[in-house]
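# Geometric and topological summary
These are the residues of each chain, in order.
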Amino acid sequence: MIHRTSEEQRWKPTAYEGVQMCGLRQNEVGGGAVLLKFTKGARFPTHDHPGGEEVYVIDGRAVIGTVTVKRGDYLWTEPNGIHDLTAEEETVLFVSSPNGIKVVE
């Protein structure tokens, strides 16, 4: 088991303007689970998911590829699915990607 208390969780900046990450779990192949926080208008570049990706929208609204998601929505991207993300408002996501991602942009 892995247990991360709310007090242990820390937001860290990423290489992308307006995007912060809070790591929850990492596996031996570079995948895992994270929380991602986006400011309004922030964009995560086009990327590939070799092992697929699960996204749950905790708060906010964003466009992932061609799909608009909002609070409470779930989105599964199949392995090798490619998309970007643009936050239409401040957004927080739970993301699980078993094999990590590869930025292709």
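Our subject is the structure that appears above.
What comes next concerns the included structure. Please read all numbers here as calculations on a predicted model, not as lab measurements. (Residues numbered from 1 in each chain as written. Predicted model: local features only at pLDDT ≥ 70, side-chain atom pairs only at ≥ 80, totals over all residues. Heavy atoms only, no water.)

### Quick word on the overall build of the protein
- On a plain count of helices and strands, the protein comes out with zero helices and 11 strands.
- Reading the secondary structure of the protein in the N-to-C direction produces β-β-β-β-β-β-β-β-β-β-β.
- A globule of 105 residues ought to have a C-alpha radius of gyration of about 13 Å, and the protein, at 13 Å, matches this closely.
- Looking at the protein as a whole, 37% of its 105 residues qualify as buried.
- If you take every contact in the protein between residues at least 6 apart in sequence, the share linking residues at least 24 apart comes to 64%.
- Surface summary for the protein: the accessible area is close to 6,400 Å², and the carbon and sulfur share equals 50%. (Helix = DSSP H or I, 4+ residues; strand = E, 2+ residues; numbered from the N terminus. Rg over C-alpha atoms; globule rule 2.2 N^0.38 Å. Buried < 20%, exposed > 50% of the residue type's maximum accessible area, 1.4 Å probe, protein only. Contact = heavy atoms within 4.5 Å. Areas by Shrake-Rupley, 256 points an atom, 1.4 Å probe, with all protein chains shown as cover.)

### Overview of the sheet that holds strand S6 (residues 61–64)
- Sheet architecture is open: five strands sit in the order S7-S6-S9-S4-S11, paired in antiparallel fashion. Looking at strand neighbours, the two that pair on one side only are strand S7 (67–70) and strand S11 (102–103), the edges of this open sheet.
- By the bridge criterion, five bridges tie strand S4 (residues 43–49) to strand S9 (residues 81–87) in an arrangement that is antiparallel. Note that in S9 the partner of His 49 across the bridge is Gly 81. (Pairing = 2+ DSSP bridges.)

### A word on the sheet that holds strand S8 (residues 74–77)
- Ordered by their spatial adjacency, six strands build an open sheet running S1-S2-S3-S10-S5-S8, and the pairing between neighbours is antiparallel. Both outer strands of the open sheet, strand S1 (12–13) and S8, are each paired with one neighbouring strand and no more.

### Focus: the environment of Leu 85
- Positionally, Leu 85 belongs in strand S9.
- With relative accessibility at 6%, the residue Leu 85 sits in the buried group.
- Ignoring anything within four residues of it in the chain, the contact list for Leu 85 reads Phe 38, Ala 42, Arg 43, Phe 44, Ala 62, Val 63, Ile 64 and Leu 93.

### Quick word on the pattern of salt bridges
- Using the criterion set out here, one finds five salt bridges in the structure.
- For Arg 43, the salt bridge is made with Glu 105, and the minimal N-O distance between the two is 2.7 Å. Here Glu 105 lies in the segment after S11 and Arg 43 lies in strand S4, a separation of 62 residues in the sequence.
- By relative accessible area, which is 33% here, Arg 43 ends up partly exposed.
- Here the salt bridges do not stand alone but share partners, grouping Arg 43, Asp 84 and Glu 105 into one network. (Salt bridge = Lys/Arg side-chain N within 4 Å of Asp/Glu carboxyl O.)

### Quick word on the side chain of Asp 84
- Checked against the element boundaries, Asp 84 lands in strand S9.
- Here the side chain of Asp 84 touches Arg 43 through a polar contact of 3.0 Å, side chain to side chain.
- Contact partners of Asp 84, with chain neighbours within four places excluded, come to Arg 43, Phe 44, Pro 45, Thr 46, His 47, Val 63, Ile 64 and Gly 65. (Polar contact = N/O pair within 3.5 Å; in protein donor to acceptor, adjacent residues only side chain to side chain.)

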